[in-house]
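Coordinate inspection notes
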Amino acid sequence: MARIVNHIGEKYTTFEGYEIEVISLVNSSKYSVRFKCGLIKNNFTYALIKRGRVSYPYHPKIYKVGFSGIGVYKSTKGGKINKNYNTWISMLRRAYCEKHHEKYPTYKDVTVCDEWHNFQNFAKWFEENWKDHMDSSWHLDKDILSEQNKTYSPQTCAFVPHEINTILLKSTIRVGNLPVGVFKVGKKFQAKINKNGNYILIGYFNTSELAFQAYKIAKEEYIKEVADKWKRFIDPRVYKIMYEHKIKLRD
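This report concerns the structure included in the present document. Remember, it's a predicted structure, so these values are computed and weren't measured experimentally.

What counts, and where the lines are drawn
- All chains use their own residue numbering, which begins from 1 and follows the written sequence.
- For this predicted model, a pLDDT threshold of at least 70 governs which residues receive local features, and a threshold of 80 or more governs which side-chain atom pairs are given and counted, while totals over whole chains, interfaces and linings are taken from all residues.
- Only hydrogens and water are set aside; all other atoms, that is, all heavy atoms of the structure, feed into the side-chain values.
- Elements are defined by DSSP. Helices are runs of H or I of four residues or more, strands are runs of E of two residues or more, and each kind is numbered from the N terminus.
- The span one expects for a helix is its residue count, reduced by one, times 1.5 Å.
- Residue burial is assigned from relative accessible area. The probe radius is 1.4 Å, only protein chains are included, and a residue is buried under 20% of its type maximum, exposed over 50%, and partly exposed in between.
- Any two residues whose heavy atoms approach within 4.5 Å are treated as being in contact.
- Patch membership needs two things, relative accessible area over 30% and no salt bridge, and members are linked within 9 Å if like-charged or within 5 Å if nonpolar (Val, Leu, Ile, Met, Phe, Trp, Tyr).
- Method for areas: the Shrake-Rupley scheme with a 1.4 Å probe, in which residue coverage is limited to the protein chains shown.
- In the sections that follow, a salt bridge refers to a side-chain nitrogen of Lys or Arg positioned within 4 Å of a carboxyl oxygen of Asp or Glu.
- Two strands are said to pair when DSSP picks up at least two bridges between them.
- Interaxial angles span 0 to 180 degrees and are taken between N-to-C directions of axes, which are lines fitted to C-alpha atoms, for helices over the stretch in contact.
- In this context, the arc is that of the directions from the helix axis out to the C-beta atoms.
- In the analysis that follows, any N or O atom pair within 3.5 Å is treated as a polar contact, provided that within protein one partner can donate a hydrogen and the other can accept it, and provided that, for residues neighboring in sequence, both atoms belong to side chains.

1. Some details on helix α2 (residues 83-96)
Given a rise of 1.5 Å per residue, 14 residues ought to cover 20 Å, and the 20 Å separating the end C-alpha atoms of α2 matches this to within 8%. Among the residues making up α2, those that are buried are N84, Y85, T87, W88, I89, S90, M91, L92, R94 and A95. On the buried face of α2, the contacting elements are β6 (80-81), α3 (98-103), β7 (111-112), α4 (119-129), β8 (138-141) and β9 (151-152).

And the structure:
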């Protein structure tokens, strides 16, 4: 009969750099280990323990800030990545991935609140806010509820459809120093509004100020129309923001 080796009390360092100690034998081939902080994890073979292949659930492995935590929420199900985990990873990428910042520099100052560094906390919020009618066209938005906001958090985020997500974006198309929505055509100033990627002519005016006022009225009414269209499905806070939204000269 092979001699059973007692490994209890042995200490090792994990691949993430944490010290663990073998504390008990769960069955004939698997052990429980304890991290230095007191956390206990079960059912590891001695071979895995010796190689350090025991992960610490609070290790910031995702972009050096995100960690899986301990709880009921898992990253995968049936071999497929869960929507809540994929959304969490994408959020952390926008905030902390340097390569992403090179392509999208507007995200350089974006952060994620400490609470959501823990996947368990984000996943709980996700499940409470993601509804059956939502699909891949819905996005996690941090800007609508809090203008100029740079932080993803439970207080500043909501899920919105693509149409709403784009309608409130600041325009990147502007001619010279003209106000948003205004274009110079000969001696006149033209006001146009973008609806679902199509520019709709509002009219021609003698001054850029008059053209902008016409654009402002049309855009604010359009935002209300879209808000009413989605009222049954969006967060009431988003609906309120849209109805109160005022177009500024440089939006």
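On we go.
2. Observations concerning a nonpolar patch on the surface
A contiguous nonpolar surface patch, about 270 Å² in accessible area, is contributed by V185, L201 and Y204. Looking at where Y204 falls in the secondary structure, it is placed in strand β13 (residues 198-205).

3. Section: the sheet that holds strand β12 (residues 188-195)
Taken together, 3 strands build an open sheet; the order of strands is β11-β12-β13 and the sheet is antiparallel. Each of the sheet's edge strands pairs with one partner strand only, and the pair in question is β11 (182-185) and β13. Between one strand axis and the next, the sheet turns through 35° on average, direction left out of account. Bridge analysis of β11 against β12 gives 4 bridges, and the strand direction is antiparallel. Within the sheet, the bridge partner assigned to F183 lies in β12 and is Q190.

4. Overview of helix α7 (residues 236-244)
Of all the positions in α7, only V238, Y239 and M242 are classed as buried. Buried residues of α7, seen end-on, are gathered within an arc of 100° and therefore sit on one face of the element. Buried residues in α7 make contact with β10 (158-161), α5 (162-167) and α6 (208-230). Of the residues that open α7, the one with a side-chain oxygen 2.8 Å from the backbone nitrogen of R237 is D235.

So yeah, pure geometry; function would need other evidence.
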